[in-house]
Amino acid sequence: ADNLLQEFSLQGRIAKIEANNAVTMNIGGQSGVQKGMRFSLLDDNESVVTEGIVENTAPNSSKLHLNDEVPLQEGMRLLEIEEPAQHQEQ
């Protein structure tokens, strides 16, 4: 079943806005989110406003640290940034 997770990008939403450019996302380990994954933060126009990296995960949520200070709203979409397979270190 593991390879099924790789066939589509994970998508989540901001569930809670935290201090210091961090957000809680509404999906976590049960959805396949892992520490170190990168996500794009999208605005209402589906434009990427910044990127974030997963710092820790719970079964149904995860915490991301965002690269930039941008206006945040709960419910904003987060889209997994797919890493090309050939670039992954063994």
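The sections below set out a description of the structure shown in this document. As the structure is a prediction and not an experimental result, all values here were calculated from the model.

**Some thoughts on the nonpolar core**
Argument step 1. Membership of the largest hydrophobic core comes to 14 residues, with the highest contact counts inside it found for Met25, Val33, Phe39, Leu64 and Leu78.
Argument step 2. Setting aside chain neighbours within four positions, we find Met25 in contact with Gly12, Arg13, Ala15, Val33, Phe39, Asn60, Ser61, Ser62, Leu64 and Leu78.

**A word on the side chain of Thr24**
Argument step 1. Tracing the backbone shows Thr24 in strand E2 (residues 22–25).
Argument step 2. On the accessibility criterion, Thr24 (15% relative accessible area) is buried.
Argument step 3. Among the polar contacts made by the side chain of Thr24, one reaches the side chain of Glu18 at a distance of 2.6 Å.
Argument step 4. If we ignore the near neighbours within four places in the chain, the residues touching Thr24 are Arg13, Ile14, Ala15, Lys16, Glu18, Ser61, Ser62 and Lys63.

**Overview of the pattern of salt bridges**
Argument step 1. Counted by the stated rule, this structure contains three salt bridges.
Argument step 2. Put simply, Glu51 and Arg38 hold a salt bridge, and the shortest N to O gap is 3.1 Å. Remark: Arg38 occurs in strand E3 (residues 38–42) and Glu51 occurs in strand E4 (residues 48–58); sequence separation between them is 13 residues.
Argument step 3. Its relative accessible area of 27% is what places Glu51 among the partly exposed residues.

Reading guide: rules and limits
Residues numbered from 1 in each chain as written. Predicted model: local features only at pLDDT ≥ 70, side-chain atom pairs only at ≥ 80, totals over all residues. Heavy atoms only, no water. Core = buried A, V, L, I, M, F, W, Y, C linked by side-chain atoms within 4.5 Å. Buried < 20%, exposed > 50% of the residue type's maximum accessible area, 1.4 Å probe, protein only. Contact = heavy atoms within 4.5 Å. Helix = DSSP H or I, 4+ residues; strand = E, 2+ residues; numbered from the N terminus. Polar contact = N/O pair within 3.5 Å; in protein donor to acceptor, adjacent residues only side chain to side chain. Salt bridge = Lys/Arg side-chain N within 4 Å of Asp/Glu carboxyl O.

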